[in-house]
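Reading the structure
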Amino acid sequence: MTDTGSGLGCTWGDFDNDGLLDLYVSNDGPNFLYHNVSTGVTTGKLGRRAYDAGDNATEKAEPAIQFTNIAPLYDIGLDDGLYGSGIAWADYDNDGDLDLYMGNHWNANGDPAPNRMFRNDGPDEGNAVGWLFSNAAPTHLGLNIADDSSTNGVAWADYDGDGDLDLYMASMMGVTNKLFRNDVADSTGNHWLQLDLSSPYMNTCAIGARVRVVAGGMSMIREVDGGSGFLSQGSLTLEFGLGAAASADSVEILWPDGYHHLMLNVPGDQRLLVSQPQTAIDDDGPAPTPLAFRVYDNFPNPFNPSTTIRLDLPAPSRVRLGIYAVDGALVRTLFDEDLPAGTHQAVWDGRNRNGGRVASGVYFYRVETPGDVVTRKMLLVK
C-alpha cells in the first residue's frame, strides 16, 4: 500500500459484504484492488472494528489489519496498466453487491484507452479470491460505456429517480462528456432502497455516517462519502440494491457522533429522508441514547401507502409493536424483540400479516414494553 507510482484516484467500497471496506486505486501503471482481510479484532457496531474510535473500549483487542492486492489474480483488467483515472463503486444492477467502473486516460502509446465496467458476480469458490468479477462494459451494457475518449472523472447518481444509478463521465482533450442512463436494473426485477441522511448538528449531510441494510439474507454497508475517485464526487444519497427482497429487514445507522439508530421492516423501492433525532448535549457532545421513553406520532398521517413509527428507548428493553383494527383485532406485528437503547423506527406498508393490503380506514399502533403501553391512532387513505 506504500506504492510510489503516479496514483490518481482511490475509492472505498465493501465489495464482498463482509463489513470491511476494500480499496481500489487507479494509477499511471498497474491499478490495485486491496482486499481488506483484517482479522483478530472484535467486531463492533455496523461492522466497524475495535480499532475504530466509535467502538466501546472494553471491546478492543489487538488489531490485525491486513490488505491484500488481488487485482493481478483476475485476467479482466482489474490491474490494468493503462493510465487509470476516474473510478467509482456502485451497485448498478441492484443485486446487492458493489460493481466498479474505471475510466482511463490513454495507453502507453498515447492513444485513448477503453474504460471498463467490472460487474460483481458474487461468491465463487472456484478461484483464489473466492469472489467473481467480469468486465461487462464491451458486450453487455452497450451505449459505448467502454468509451475510449480520455476519461477524467466519473460519478454515479440516480438522476431520473427510477431507483437505479446512472453514470456521468467527464472527458479531457476537448472530448464531449457523456451521461449514461441506466436501463439495466429496470429489466432485472431487483428492488432497491435509497437514503438521504440529515443531521441537526454542524455536519448536516452526515458525512462519515455508516449504514447497514439487511435484506434477503444479505448484509450491506455504505458510508456517506464527501468525494472519492479522481476529480469527482458522486451523489451523497446512499443507494442499496435489495435483489429479490421487496423490503429491508433492518436499516441500522451509526451517525458520525456515535448515535445508534435502528429502523425495522422498511419497504423497498423508495427514497427516504432520515433525520438524526435530537439528543441531549453535554460537555462531551451529544448523548449516545435518548433521555426518556417516547413514542412519536406516525408520519405521514394520514398516509398512503406507508407510514413510519418511531420510538426512543433510554435503556435496553423488550418491545412489541402491533397494528390493530378499530375492533381490536391484531392486523400485524411489526416487531416483538429485545432492542438496545436508542431510537428505533418501523415502517408499516399497509399490509396485514399475510401480505395482503388492508382497506382504507382508522387503525391503531400499540407499543408495549415491560413498563409502558402507548397507543396512537392513524388513518390509511386510498
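Model, not experiment: these values are computed from the prediction. (Residues numbered from 1 in each chain as written. Predicted model: local features only at pLDDT ≥ 70, side-chain atom pairs only at ≥ 80, totals over all residues. Heavy atoms only, no water.)

Thoughts on the overall build of the chain
We apply this condition: Starting at the N terminus, helices and strands are each numbered in turn, a helix being any DSSP run of H or I of at least four residues and a strand any DSSP run of E of at least two. Here the term buried applies to any residue with accessible area under 20% of the maximum for its type, exposed to any over 50%, and partly exposed to those in between, with areas from a 1.4 Å probe on protein chains only. We call two residues in contact when some of their heavy atoms are within 4.5 Å. To be clear on the numbers: accessible area is Shrake-Rupley with a 1.4 Å probe, and residue cover counts the displayed protein chains and nothing else.
What the chain contains, in helices and strands, is 1 helix and 27 strands. Relative to its full complement of 382 residues, the chain shows a buried share of 51%. Relative to all contacts within the chain whose residues are 6 or more apart in sequence, the contacts with residues 24 or more apart total 55%. As displayed, the chain offers around 16,800 Å² of accessible surface, 51% of which is attributable to carbon and sulfur atoms.

A short note on empty space enclosed by the protein
Test applied: Space inside and on the surface of the protein is sampled on a 1 Å grid over the protein atoms alone, with a cavity defined as a set of points where a 1.4 Å probe fits but cannot get out and a pocket as an open set with protein on both sides within 12 Å along at least 5 of 7 lines; lining residues have an atom within 4 Å of a point. Grid points are joined across faces, edges and corners, and a volume is the space filled by probe spheres set on the points. In this classification, the charged set is Asp, Glu, Lys and Arg, the nonpolar set is Ala, Val, Leu, Ile, Met, Phe, Trp, Tyr, Cys and Pro, and all remaining amino acids, among them Gly, are polar.
Within the structure shown, the criterion is met by 1 cavity of 30 Å³ or more. What the largest cavity holds in volume is close to 40 Å³. Forming the boundary of the largest cavity are Asp-91, Asn-94, Gly-163, Asp-164, Leu-165, Trp-192, Leu-193, Gln-194, Glu-239, Phe-240 and Gly-241. Those elements giving two or more residues to the lining of the largest cavity turn out to be strand S12 (191-198) and strand S15 (238-243). For the lining of the largest cavity, the residue count by class is 4 nonpolar, 4 polar and 3 charged.

Quick look at the sheet that holds strand S14 (residues 218-223)
Operational definition: Any two strands with at least two DSSP-identified bridges between them are counted as paired.
On the basis of which strands lie adjacent, the open sheet formed by 7 strands has the order S14-S13-S16-S17-S25-S22-S21 and mixed pairing. Edge positions in the open sheet fall to S14 and strand S21 (294-295), since each of these has one partner strand only.

Section: the sheet that holds S12
Put simply, the rule reads: Note on definitions: angles span 0 to 180 degrees between N-to-C directions of axes, and those axes are lines fitted to C-alpha atoms, for helices only across the stretch in contact.
Reading across from one edge, S15-S12-S18 is the order of the 3 strands in this open sheet, with mixed pairing throughout. Bordering the open sheet on either side are S15 and strand S18 (270-275), each of which pairs with just one other strand. Neighbour-to-neighbour, the strand axes of this sheet turn through a mean angle of 25°, independent of strand direction. Sheet topology note: the S12/S15 ladder contains 5 bridges and is antiparallel.

Quick notes on the pairing of strand S13 (residues 210-215)
Across a regular strand the side chains alternate sides, sitting on one face of the sheet and then on the other. Counting buried residues along S13, 5 of its 6 residues qualify, which places the element largely inside the surrounding structure. Examined bridge by bridge, S13 and S14 share 6 bridges and lie antiparallel to one another. In the strand pairing of S14, Arg-212 is matched with Ile-221. Counting the residues between successive antiparallel strands, the hairpin from S13 to S14 contains 2 residues, one of them, Gly-216, with a positive phi of roughly 55°. Two elements, S13 and strand S16 (residues 247-254), share 5 bridges in a ladder whose sense is antiparallel. By the bridge assignment for S16, Val-214 is matched with Ser-250.

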